[in-house]
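Chain by chain, the residues run as shown.
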Amino acid sequence: MAAPVPLSPPAKIAPLHLRLTKSEPAKDVVVAAPSVIRLWFSMPPELAVTTVRVTGAGGESVALSAVRRAAAAGAPVEADVREALAPGRYTVSWKTSSR
């Protein structure tokens, strides 16, 4: 007869992929022209490979500053909007990787 084996709860497994958790402006929200784009991720992104792009309805790119991120845990990636935005629909796209 086998002796009972005590079971421990499974260890928490860290997420394997970085994902976007929040953005300002938020998705599909009508806002006044923002002066900065902020993106929060589930893991700290590697800034050296992080890009943020804003495009208008016709595909034209909007000038942005270089991306930055404060050292504080949970700080967003930020990019300043460097030009006036005319009323219309804009798309924010990003590419990054975790450390």
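Refer to the structure above for everything that follows.
All residue numbers refer to position in the chain's written sequence, counted from 1. Totals for whole chains, interfaces and linings use all residues, but because this is a predicted model, local features are given only for residues with pLDDT of at least 70 and pairs of side-chain atoms are given and counted only at 80 or more. With hydrogens and water excluded, all non-hydrogen atoms of the structure serve as input to the side-chain values.

Asker: Mind laying out the nonpolar core, listing which residues take part and the relevant values?
Answerer: By size, the foremost hydrophobic cluster in this structure holds 11 residues: Leu18, Ile37, Leu39, Phe41, Val52, Val54, Val62, Val77, Ala79, Val81 and Leu85. Those elements that place two or more of their residues in this core are strand S2 (36–41), strand S3 (51–56) and strand S5 (77–80). Each helix corresponds to a stretch of at least 4 residues labelled H or I by DSSP, and each strand to a stretch of at least 2 residues labelled E; elements are numbered beginning at the N terminus. Per-element accounting of this core gives the leading share, three residues, to S2. Contacts between residues were defined by any pair of non-hydrogen atoms, one from each residue, lying within 4.5 Å. Beyond its immediate sequence surroundings of up to four residues, Leu85 is in contact with Ala33, Pro34, Val62 and Tyr90. By convention a nonpolar core is built from buried Ala, Val, Leu, Ile, Met, Phe, Trp, Tyr and Cys residues, the set being connected through side-chain atoms within 4.5 Å. Note on exposure labels: buried denotes an accessible area under 20% of the residue type's maximum, exposed denotes more than 50%, and partly exposed covers the range between, all computed with a 1.4 Å probe on protein chains only.

Asker: Run through the side chain of Thr50, naming residues and quoting values.
Answerer: By the secondary structure assignment, Thr50 is in the loop between S2 and S3. On the basis of relative accessible area, Thr50 is assigned to the buried category, the value being 7%. Pairs of N or O atoms within 3.5 Å make up the polar contacts considered here, provided that, within protein, one atom can donate a hydrogen while the other can accept it, and that residues adjacent in sequence are counted only when both atoms are side-chain atoms. A distance of 2.7 Å separates the side chain of Thr50 from the backbone oxygen of Glu46, its partner in a polar contact. Contact partners of Thr50, with chain neighbours within four places excluded, come to Pro45, Val67, Val77, Lys95 and Thr96.

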